[in-house]
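# Close look at the chain arrangement
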Amino acid sequence: MTRLCVFCGSSAGRDPAYLESAREVGATLAERGIGVVYGGSRVGLMGALADAVLERGGEIIGVIPQALLAREMAHRGIVDLRIVDSMHARKALMAELADGFVALPGGLGTLEEFTEIVTWAQLGIHAKPCGLLNLGGFYDPFLGFLDHLVEAGFVPPSTRGLVLAAATITDLLEAFDIISHDTRRVQVRC
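Residues numbered from 1 in each chain as written. Predicted model: local features only at pLDDT ≥ 70, side-chain atom pairs only at ≥ 80, totals over all residues. Heavy atoms only, no water.

Our focus in this paragraph is the confidence of the model for the protein. Overall, the prediction assigns the protein a mean pLDDT of 91, with 93% of residues at 70 or greater. Within the protein, no element has a lower average pLDDT than helix H3 (residues 66-70), which sits at 84, and none a higher one than strand S2 (residues 35-38), at 98. (pLDDT = per-residue confidence, 0-100. Helix = DSSP H or I, 4+ residues; strand = E, 2+ residues; numbered from the N terminus.)

Here you go:
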């Protein structure tokens, strides 16, 4: 089974479209037989994503640090909830379990997770697709900043090409070119 790691906010944000988008992503992935790896939380966009996957009988793996588990933020409905010692261990395990990465709207944690995974791709640590769900242009300023980094000579154009973006999960999956539901291979088409 193909699995995608979904990074997203532990809050819902101000626009109800963010929460609805998280639900749509969870539903779409479950309906297509694509497993989800995520941060294990029950709140915000993370909770909405997980609930949608579970409602449709999809596979979901939560990865949560002990410190957040202690704050009772863990999703109680996740059967495969993996508890790790640190945020670093969380990101490493999520990367190991996933065949690709999607960032929904979120805050600094979401942005940090996504930029680290793109950096790992730049360094050749993995060759998995990395995409932004650019709902309503949410990531336009970030994409513009990436272009600025290229123009300033700090990021090579090849690295900028690693960051895919689409307005819907369906378009992002098409950009990822997921080959089939029963394979662990994911290819990037840029």
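For the coordinates displayed, the defined rule picks out eight salt bridges. A salt bridge links Glu-116 to Lys-91; the shortest N-O distance between them is 2.5 Å. Within this pair, whereas Glu-116 is found in helix H5 (residues 108-122), its partner Lys-91 is found in helix H4 (residues 87-97), the two being separated by 25 residues in sequence. You can call Lys-91 buried: its relative accessible area is 10%. Taken together, the shared-partner salt bridges in this structure form one network comprising Glu-31, Glu-55 and Arg-56. (Salt bridge = Lys/Arg side-chain N within 4 Å of Asp/Glu carboxyl O. Buried < 20%, exposed > 50% of the residue type's maximum accessible area, 1.4 Å probe, protein only.)

Below, the discussion takes up the sheet that holds strand S5 (residues 100-103). Read from one edge of the open sheet, seven strands run S4-S3-S2-S1-S5-S6-S7, paired in parallel fashion. Only two strands of the sheet have a single neighbouring strand rather than two, namely strand S4 (80-84) and strand S7 (163-166). Direction aside, the axes of adjacent strands within the sheet are offset by 25° on average. Running over the sheet, helix H2 (residues 44-55) touches strand S1 (3-7), S2 and strand S3 (60-65) and is turned about 155° from S2. (Pairing = 2+ DSSP bridges. Axes fitted to C-alpha atoms, helices over the stretch in contact; angles between N-to-C directions. Contact = heavy atoms within 4.5 Å.)

To continue, consider the packing of aromatic side chains. Summed over the entire model, instances satisfying the criterion amount to four aromatic pairs. Consider the rings of Phe-7 and Phe-101, whose centres lie 6.1 Å apart with planes at 5°: the pair is stacked. Of the two residues, Phe-7 is situated in strand S1 and Phe-101 in strand S5; the sequence distance between them amounts to 94 residues. In this pair, the class of Phe-7 matches that of Phe-101, namely buried. Ring centres of Phe-138 and Tyr-139 lie 4.9 Å apart, and the angle between their planes is 85°; on these two criteria the pair is classed as edge-to-face. Ring pairing ties together the aromatic residues Tyr-18, Phe-138, Tyr-139 and Phe-142, which thus form one cluster. (Phe/Tyr/Trp six-rings, centres within 6.5 Å; stacked < 30°, edge-to-face > 60°.)

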